[in-house]
Amino acid sequence: MTRRLLIAGNWKMNLSLTASIELAEGLKKVAAGINNLDIAVCPPSIYVQPVAAVLKGSNIGVGAQNVYFEQEGAFTGEISVGMLKDVGCQYVILGHSERRHILGESSELVNLKTHAALAAGLIPIVCVGELLKERETGTTEQVIQRQIDGSFSGVSAEDIRKCVIAYEPVWAIGTGKVATPDQAEDVHVAIRKMIEKNYNKEVAEIVRIQYGGSVNDKNAKEILAKPNVDGALVGGASLKVDPFLGIIKSV
Ligand code: 13P
């Protein structure tokens, strides 16, 4: 079974409008012709439209970093899946640990968003991952099992194939403390088993599981070489052309 790798940049709350467009233009140029994997960038929502306009017709997809699950109405400050589709989005990151831990987002809310994204034809990149104290107390798999069960509750076997899961150990995000390739592989194997248990083996073999947390152009090759690591969700190293290209080229 060969899964197509996905390298996605999560720009988080960084860059200006000008810098976003420059980065998109730079990536479009250097990534032209690379077709052995999927590439995406996830700018802040307000820059999704101009970035999507730059990347239109290129081999780089565009994603948002969050969405609301309702279609429309009195939800001040929120954005719908329809609006994201409207401006050229293909992916949406859901349940990132910064949203779970800073903004208190629950797996129940992530689940509503996952259903809304799938119904609209967006590819959800659903993030899961344990805190340092959870790893140290040996509860990593329990924590992730709860996040997987909650986030994908009611999602059909047909739909889960389209989803991407991003394993992002919280202790590795923005800390420079990358998980070892073996630590990542172990959790990815565990996640695949959870999907197999909840669905079936065929589906579990299809679902892409990315690793995220301090991935850069120096450590990417070794992590991405692991059989169950199907790409990377990259924060800091996605904010400049060269390191992000380095990660893409290490596939
Ligand atoms: P860093 O690559 O900056 O550690 O961020 C990872 C991340 O949170 C991607 O979503």
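Counting restarts for each chain, with residues numbered from 1 along the sequence as it is written. pLDDT decides what is reported in this predicted model: residues at 70 or higher carry local features, side-chain atom pairs at 80 or more are listed and counted, and totals for whole chains, interfaces and linings draw on all residues regardless. The side-chain figures draw on all heavy atoms in the structure; neither hydrogens nor water molecules are used.

A separate point is the pattern of salt bridges. Every case where a carboxyl oxygen of Asp or Glu lies within 4 Å of a side-chain nitrogen of Lys or Arg is listed as a salt bridge. For the structure on display, the rule yields 15 salt bridges. Close ionic contact of Arg3 with Glu205 constitutes a salt bridge, the shortest N to O distance being 3.5 Å. Of this pair, Arg3 sits in the segment before strand 1 (6–10) while Glu205 sits in helix 10 (residues 201–206), and the two are 202 residues apart along the sequence. Arg3 gets classed as buried once you look at its relative accessible area, which sits at 13%. Taking relative accessible area as the criterion, Glu205 reaches 28% and is therefore assigned partly exposed. Between Arg4 and Asp38 there is a salt bridge; the shortest N-O distance is 2.6 Å. Starting at the N terminus, helices and strands are each numbered in turn, a helix being any DSSP run of H or I of at least four residues and a strand any DSSP run of E of at least two. The cut-offs for exposure are 20% and 50% of the maximum accessible area for each residue type, with area from a 1.4 Å probe on protein chains only; residues under the lower value are buried, those over the upper are exposed, and the others partly exposed.

Another point: the sheet that holds strand 3 (residues 60–64). The strand order 1-2-3-4-5-6-7-8 describes a closed barrel built from eight strands, whose pairing is parallel. The mean inter-strand angle of the sheet, taken between neighbouring strand axes irrespective of direction, is 25 degrees. Pairing between two strands requires that DSSP report at least two bridges joining them. With three bridges joining them, strand 2 (residues 38–42) and strand 3 adopt parallel strand pairing. The residue bridging Val41 from the neighbouring strand is Val62, located in strand 3. Pairs of residues are marked as contacts when any of their non-hydrogen atoms sit within 4.5 Å. In this analysis an axis means a line fitted to C-alpha atoms, helices contributing only their contacting stretch, and an angle means the value between N-to-C directions, from 0 to 180 degrees. Along the sheet face, helix 7 (residues 140–151) touches strand 5 (123–128) and strand 6 (164–167) and points at about 150 degrees away from the line of strand 5.

Right, let's get into the pairing of strand 6. The alternating pattern of strand 6 places Val164 and Ala166 on one face and Ile165 and Tyr167 on the opposite face, and all of these are buried. Here strand 5 runs beside strand 6; their pairing, made up of four bridges, is parallel. Note that in strand 6 the partner of Val128 across the bridge is Tyr167.

The next point concerns the environment of Gly231. The topology assignment puts Gly231 in strand 8 (residues 231–234). The sequence separation of Gly231 and Glu158 amounts to 73 residues, and the corresponding C-alpha distance is 22 Å. Not counting chain neighbours up to four residues away, the residues in contact with Gly231 comprise Leu5, Leu6, Ile7, Ile209, Gln210, Tyr211 and Leu224.

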